[in-house]
Amino acid sequence: MLHLIKYQFMELIRGKEVMFWALFFPIILATLFSLTLTNMSDAESFKVIDVALVESEQHSNSSFSEFIHSLDGKYVTVDLMSEEKSLVLLEEGKVKGVFYDTQVPSLSIQTNGVEQSILSSLLYSYITNEAMILQVMNEHPQQLQSLLESLQQSDSTIREVNMNNELADTSLSYFFSLIAMASLYGGFLGLQKAMLIQANLSSLAARICVAPMRRFPLVIISISSAITVQCTSLLLLLGYIHFILGISLGSNWIHILLTSFIGCILGVCIGYLIGALRITRNMTHNTKTNLVAGCTMLMCFFSGLMSFEMRYLIQQQIPLLNRINPAALIADSLESIVIFNNEQMYYENLVIMIGMSILFISISILITRRQKYDNI
Amino acid sequence: MSNIIEVENLVKRYKELIALDHLTLRIKEGEIYGLLGPNGSGKTTAINCILSLLKYDKGIIKVFNQEMTPTSYKSKENIGVVMQNVAVFEELSVYENIDYFCGLYIKDKVRRKQLVKEAIAFVELEKFQKMRPKKLSGGLLRRLNIACGIAHKPKLIFLDEPTVAVDPQSRNKILEGIQALNKEGATIVYTSHYMEEVEQICTKISIIDHGKNIATGTSEELKQMIKTGETITFSNIMLKPFQLDEIKNIARVFHVQYEDGNLQIKCRRGNHNLIPILDYMKQNNIVFSQVSSKLPTLNDVFLEITGKELRD
Ligand SMILES: Nc1ncnc2c1ncn2[C@@H]1O[C@H](COP(=O)(O)OP(=O)(O)O)[C@@H](O)[C@H]1O
Ligand SMILES: [Mg+2]
């Protein structure tokens, strides 16, 4: 048994491709992002940005106006004006962006730059808040008050953080998406292990299947070794972000670790499932690796890794997707605990993640427990 | 000697394709049993069914006198398999690969260490122990593949085309190795589409075609089964049609084929087939550049039973 476990680990850790995705790629991304962050704060932080606010008559949404006005003087200088005028000013560059206070608040910008990205992230953070406010209002009206208070608190912590020239919440969000991605890259490890379990997927697996080994312990050992290696990679990534890049992700370490680990389990399970499925006859390991990479990227894309607007767009249009997208679940749960200090939301996300993991792993075990194949 | 493997009327279909068509095999302890057949004849499919990796549609499979199932762990302990494709971990070294697979059978660490050492010596990979498979040449890789399958000293060893794409030197080493394993007491099931190899090492042979066992026996027995006892070939020979008929009437000649100046005569078994034919050529002043006589090969057996060459 020990022998088996030892080699299961060795095989993973020495796999260059797998370790690249699971460990080095996220570290590279984190480094790149921290570099752009430093540049950004050196050059252009603390400049107050001129913006216009256009209130629509039909769909005036006072809470958004309130939110924008509350930022007045700290991040932005707000001028309430008509749409025509705002567009002229935007054209001339006198304002950097125009916020529309419609039912779905929106933003017009002329160019892409750091200021514009700050504006869109402000909008994004409002939308995330609003979604949460609405959710709580529907489900637990009595808790609305405390939520609003906690939001205010977290708002002030964020501002404080910003004063100390540390991370703003949008940058934190980016790192959370990154952690989500890194966790889900556990899929590569899961895939690798699944390919070795089924005789109809590889000759290596066939060789293992003819040995006098019970299947179930083999499946369990292979999955748990993948999870262990992935959790370790993530620990290294978090350590790297914290100690080497010197970026603080907040003080809720236990929560962050818990989310990351459950994220890793979910990632491994997704990969294991994709590996266990016989999608077509001759589907090679390589094709499946690409499939896992593609799925993970798609999940991260929808969760806002590439642009923050994506997640709020989805929150607006297909909120259900955010509730089942593993990347969004991981990022959301981190955000809800670190930025909004909302434990309920946090645990809700975790429970969904655990549920999905159990579902995927059960399907995988059902598939891989079969021992005789129609085709090899 | 008792049967180690009994396969009775095994049928395996892949959708419409019938890969195994009522295949029956009886393999006795101590044999080097050859499954000889062209590519696609169903050799690998047969082995995968026997190993209980593949579902089959019909038939009975017994190994060590027990019905074989995926959970026949007792039987599996005594089986070693060398798959047709090289199946080793890229991430592990030569030593670690052998140790890994041996460890699936042998739990005792000390004993395993000894066995792995012996396996490495057996395939002569001592110098490459620490190397990763990627760095090994095709022949060495095949030898590693074999070592992984036999390190635990199984009583029954399946080798599925272990010499495909191997240089002649490695091939001979492999064949000698298989005979050595057999001398130490292992029963071997060996598949190949090279008749020379099968003839060289196998004590018993089944010729497989389209999933059917079309003939079984020692290579001598197989050759006795067919009409041909000797094939005589003349090159660059000029014959008139009536002469061809006259040659056909010589004793024991049962088949002549004349094409592009080459004459092939097949004779039934008997002594001195060549002499009456040469006499005939001399009497009729027929000239030719070369004559050769050859005893039947397994290819002739295959040809006569199936009407096609073993190797197309
Ligand atoms: N997974 C599969 N699906 C469909 N047909 C298959 C499959 N595997 C093998 N075959 C077919 O079954 C026949 C026997 O194949 P195989 O046992 O590999 O032959 P051999 O080992 O003698 O070369 C071939 O015609 C092959 O094309
Ligand atoms: Mg084959």
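Fair warning: this is a prediction, and the values are worked out from it, not measured in the lab. (Residues numbered from 1 in each chain as written. Chains lettered and ligands numbered in written order. Predicted model: local features only at pLDDT ≥ 70, side-chain atom pairs only at ≥ 80, totals over all residues. Heavy atoms only, no water.)

Concerning the pairing of strand β3 (residues 32–36) of chain B
Residue and element names in this part refer to chain B.
(1) Moving on: Of all 5 residues that make up β3, 5 are buried, and the element is covered over most of its length.
(2) Moving on: Burial along β3 is two-sided: the face carrying I32, G34 and L36 and the face carrying Y33 and L35 are both buried.
(3) Moving on: Relative to strand β9 (residues 204–209), β3 runs parallel, the two sharing 4 bridges. Opposite L35, over in β9, you have S206 as the bridge partner. (Buried < 20%, exposed > 50% of the residue type's maximum accessible area, 1.4 Å probe, protein only. Helix = DSSP H or I, 4+ residues; strand = E, 2+ residues; numbered from the N terminus. Pairing = 2+ DSSP bridges.)

Quick notes on the sheet that holds strand β10 (residues 212–217) of chain B
All names here are of chain B.
(1) Moving on: As summarised here, the arrangement of the 6 strands in space is β6-β7-β8-β3-β9-β10, forming an open sheet in which the pairing is mixed. Each having just a single partner strand, β6 (79–82) and β10 make up the two edges of the open sheet. Ignoring which end each strand starts from, the neighbouring axes of this sheet average 15 degrees apart.
(2) Moving on: Helix α6 (residues 168–183) contacts β3, β7 (156–160) and β8 (187–192) of the sheet and is inclined by roughly 155 degrees relative to β8. (Axes fitted to C-alpha atoms, helices over the stretch in contact; angles between N-to-C directions. Contact = heavy atoms within 4.5 Å.)

Quick word on the side chain of B:K43
Residues and elements named next belong to chain B.
(1) Moving on: Turning to its location among the elements, K43 is positioned in helix α1 (residues 43–50).
(2) Moving on: Classification of K43 as buried rests on a relative accessible area of 4%.
(3) Moving on: At a separation of 3.1 Å, a polar atom in the side chain of K43 contacts the main-chain carbonyl oxygen of P38.
(4) Moving on: Only 3.4 Å separates the side chain of K43 from the side chain of E161, close enough to count as a polar contact.
(5) Moving on: Look past the residues within four positions of K43 in its chain and what remains in contact with it is L35, L36, G37, P38, E161, T191, S192 and H193. (Polar contact = N/O pair within 3.5 Å; in protein donor to acceptor, adjacent residues only side chain to side chain.)

Some points on the sheet that holds strand β13 (residues 262–268) of chain B
Remark on secondary structure: sheet strands pair via backbone hydrogen bonds, oriented parallel or antiparallel.
Residue and element names in this part refer to chain B.
(1) Moving on: With antiparallel pairing, 4 strands are arranged side by side in an open sheet as β12-β13-β11-β14. Two strands bound the open sheet, and with one partner strand each, they are β12 (253–259) and β14 (290–294). Across this sheet, the average inter-strand angle for adjacent strands is 15 degrees, counted without regard to direction.
(2) Moving on: In this structure, strand β11 (residues 228–235) lies alongside β13, joined through 6 bridges in antiparallel fashion. Across the sheet, the residue bridging to E230 is C267, located in β13.
(3) Moving on: Where helix α9 (residues 241–248) meets the sheet, its contacts fall on β12 and β13, and the angle it forms with β12 comes to roughly 155 degrees.
(4) Moving on: Sheet strands touched by helix α10 (residues 274–283): β11, β12, β13 and β14. Its angle to β11, the strand with the most contacts, is close to 25 degrees.

Side note on the domain arrangement of chain B
(1) Moving on: Domain assignment breaks chain B into domain 1 (3–223) and domain 2 (228–295).
(2) Moving on: If you average the C-alpha positions of domain 1 of chain B and of domain 2 of chain B, the two centres end up 43 Å apart. (Domains from an automatic or database assignment.)

Details of the environment of B:T306
All names here are of chain B.
(1) Moving on: By secondary structure assignment, the location of T306 is in helix α11 (residues 298–306).
(2) Moving on: T306 gets classed as partly exposed once you look at its relative accessible area, which sits at 24%.
(3) Moving on: With sequence-adjacent residues up to four places away left out, T306 is seen in contact with D209 and I214.
(4) Moving on: A distance of 2.8 Å separates a polar side-chain atom of T306 from the backbone oxygen of F302.

With respect to the site of ligand 1
(1) Moving on: Surrounding ligand 1, one finds 14 residues, the nearest of these being A:N375, B:G40, B:K43, B:T44 and B:T45.
(2) Moving on: One chain alone does not account for the residues near ligand 1; they come from chains A and B.
(3) Moving on: B:G42 is positioned such that a nitrogen or oxygen atom in its backbone is 3.0 Å from an oxygen atom of ligand 1.
(4) Moving on: A distance of 2.5 Å is found between an oxygen atom of ligand 1 and a side-chain nitrogen or oxygen belonging to B:T45.
(5) Moving on: Coverage of ligand 1 by the protein amounts to 76% of the 560 Å² it exposes when considered alone.
(6) Moving on: Listing elements by their share of the shell around ligand 1, those giving two or more residues are β2 (17–28) and α1 of chain B. (Near = heavy atom within 4 Å. Areas by Shrake-Rupley, 256 points an atom, 1.4 Å probe, with all protein chains shown as cover.)

Considering α1(B)
Residues and elements named next belong to chain B.
(1) Moving on: Here α1 lies mainly inside the structure; 7 of its 8 residues are buried.
(2) Moving on: Turning to α1, its buried residues are K43, T45, A46, I47, N48, C49 and I50.
(3) Moving on: Phi turns positive one or two residues past the end of α1, at S52, with a value near 65 degrees.

A short note on the coordination of the magnesium ion (ligand 2)
Six octahedral donors around a metal ideally make angles of 90 or 180 degrees; four tetrahedral donors ideally make 109.5 degrees.
Residue and element names in this part refer to chain B.
(1) Moving on: The magnesium ion (ligand 2) binds to the protein through T44 (OG1) and Q84 (OE1), with metal-donor distances spanning 2.0 to 2.4 Å. Of the two residues, T44 sits in helix α1 while Q84 sits in the loop between β6 and α3 (94–103), which places them 40 residues apart along the sequence.
(2) Moving on: A residue is classified by how much of its surface remains accessible, and T44, at 26% relative accessible area, is partly exposed. (Donors = N, O, S within 2.8 Å, 3.2 Å for Na, K, Ca; no water.)

A closer look at unusual backbone geometry
Residue and element names in this part refer to chain B.
(1) Moving on: Although it is not a glycine, N9 sits at a positive phi angle of roughly 50 degrees.
(2) Moving on: Among the secondary structure elements, N9 is positioned in strand β1 (residues 3–14).
(3) Moving on: Accessibility expressed as a relative area gives 34% for N9, which makes it partly exposed.
(4) Moving on: In this model, D260 sits at a positive phi of 50 degrees, which is unusual for a non-glycine residue.
(5) Moving on: Checked against the element boundaries, D260 lands in the loop between β12 and β13.
(6) Moving on: According to the relative accessible area criterion, D260 is exposed, its value standing at 75%.

Overview of the nonpolar core
(1) Moving on: Grouped together as the largest cluster of nonpolar side chains are 140 residues, with contacts concentrated most on A:L249, B:I5, B:I98, B:Y100, B:L104 and B:F158.
(2) Moving on: Residue contributions to this core peak at 13 residues, all from helix α10 (residues 215–244) of chain A. (Core = buried A, V, L, I, M, F, W, Y, C linked by side-chain atoms within 4.5 Å.)

Focus: helix α12 (residues 285–302) of chain A
Residue and element names in this part refer to chain A.
(1) Moving on: For α12, which comprises 18 residues, the first-to-last C-alpha distance of 26 Å matches the rise-based estimate of 26 Å (1.5 Å per residue) to within 8%.
(2) Moving on: Of all the residues in α12, the buried ones are K288, T289, V292, A293, T296, M299 and C300. What you see down the axis of α12 is that its buried residues fit within an arc of 140 degrees, all on one side.
(3) Moving on: Immediately beyond the C-terminal end of α12, within one or two residues, lies G304, with a positive phi of roughly 95 degrees. (Expected span 1.5 Å × (residues − 1). Arc of directions from axis to C-beta.)

Observations concerning the packing of aromatic side chains
(1) Moving on: On inspection of all chains with the given rule, the structure shows 10 aromatic pairs over all chains.
(2) Moving on: Centre to centre, the rings of A:Y185 and A:F188 are 5.2 Å apart; their planes meet at 45 degrees, and the pair counts as tilted. The pair A:Y185 / A:F188 is uniform in exposure class, with both members buried.
(3) Moving on: Ring centres of B:F89 and B:Y100 lie 5.0 Å apart, and the angle between their planes is 80 degrees; this geometry places the pair in the edge-to-face category. Residue B:F89 is found in the loop between β6 and α3, and its partner B:Y100 is found in helix α3; the two are separated by 11 residues along the sequence. (Phe/Tyr/Trp six-rings, centres within 6.5 Å; stacked < 30°, edge-to-face > 60°.)

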